[in-house]
Amino acid sequence: MYFVVTSMAGIRNMGIWFFWIRLYKIRPKKTRPQALLFLCMILLLIVLHTSYMIYSLAPQYVMYGSQKYLVQMPSAGPASGNSTTRICDADAPEDQCTVTRSYLFLHKFWFFSTIYYFGNWAFIGAFLIGLAVSCCRGKKSVIEGEVEADDSDFSDDEYVH
């Protein structure tokens, strides 16, 4: 939810851009319907990207989830059988831990693994290009186009009661 809320706040403040071209401004009661469709599409892509990046951010959880397995500890006495639980990882016995279906889907089919790998590099490349363009471009006024010529500090509406 944090990513969605902060992304909405950023898009509301900046507007909708395509590289260095401003497409739409997001303003209360003045936003065009096309801009709202773009906003929904961008938010859907953000949620998709977040679920996509979970594989890189938490590979252990994606592989086994919250599974645990039982480990028998050797004991000194004949009757005492101590056992502890451990979180499943790559060293866990295969008969006690089952990998998730999403992990199997991503790692058993080479096609999807390749798309995932090159998709990560495409994202990094797009980020670096956007960073370079934003650093090389000059600063623009934040309120350019927001304030009209007839707006002033002393509006006629303030004097009417």
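Please refer to the structure placed before this passage.
Computed from a predicted structure; not experimentally measured.

Quick notes on the rules
- Residues numbered from 1 in each chain as written.
- Predicted model: local features only at pLDDT ≥ 70, side-chain atom pairs only at ≥ 80, totals over all residues.
- Heavy atoms only, no water.
- Buried < 20%, exposed > 50% of the residue type's maximum accessible area, 1.4 Å probe, protein only.
- Helix = DSSP H or I, 4+ residues; strand = E, 2+ residues; numbered from the N terminus.
- Pairing = 2+ DSSP bridges.
- Disulfide = S-S within 2.5 Å.

Student: Can you help me understand the pairing of strand β3 (residues 68-72) in this one?
Tutor: Side-chain positions along a regular strand alternate between the two faces of the sheet. Only one face of β3 is covered, namely the one carrying Tyr69 and Val71; the face carrying Lys68, Leu70 and Gln72 has none of its residues buried. Bridge count for β3 against strand β4 (residues 83-87) is five bridges, and the pairing is antiparallel. Pairing of Lys68 across the sheet is with Ile87, part of β4.

Student: Can you walk me through the state of the cysteines in this structure?
Tutor: Two cysteines joined by a covalent bond between their sulfur atoms form a disulfide. A complete count under the given rule lists one disulfide for this structure. At a sulfur-sulfur separation of 1.9 Å, the disulfide partner of Cys88 is Cys97. Across the disulfide from Cys88 to Cys97, rotation about the S-S bond amounts to roughly -75°, and the bridge is consequently left-handed. On the basis of relative accessibility, which here comes to 1%, the residue Cys88 falls in the buried class. Cys97 sits in the buried class, given a relative accessible area of 7%.

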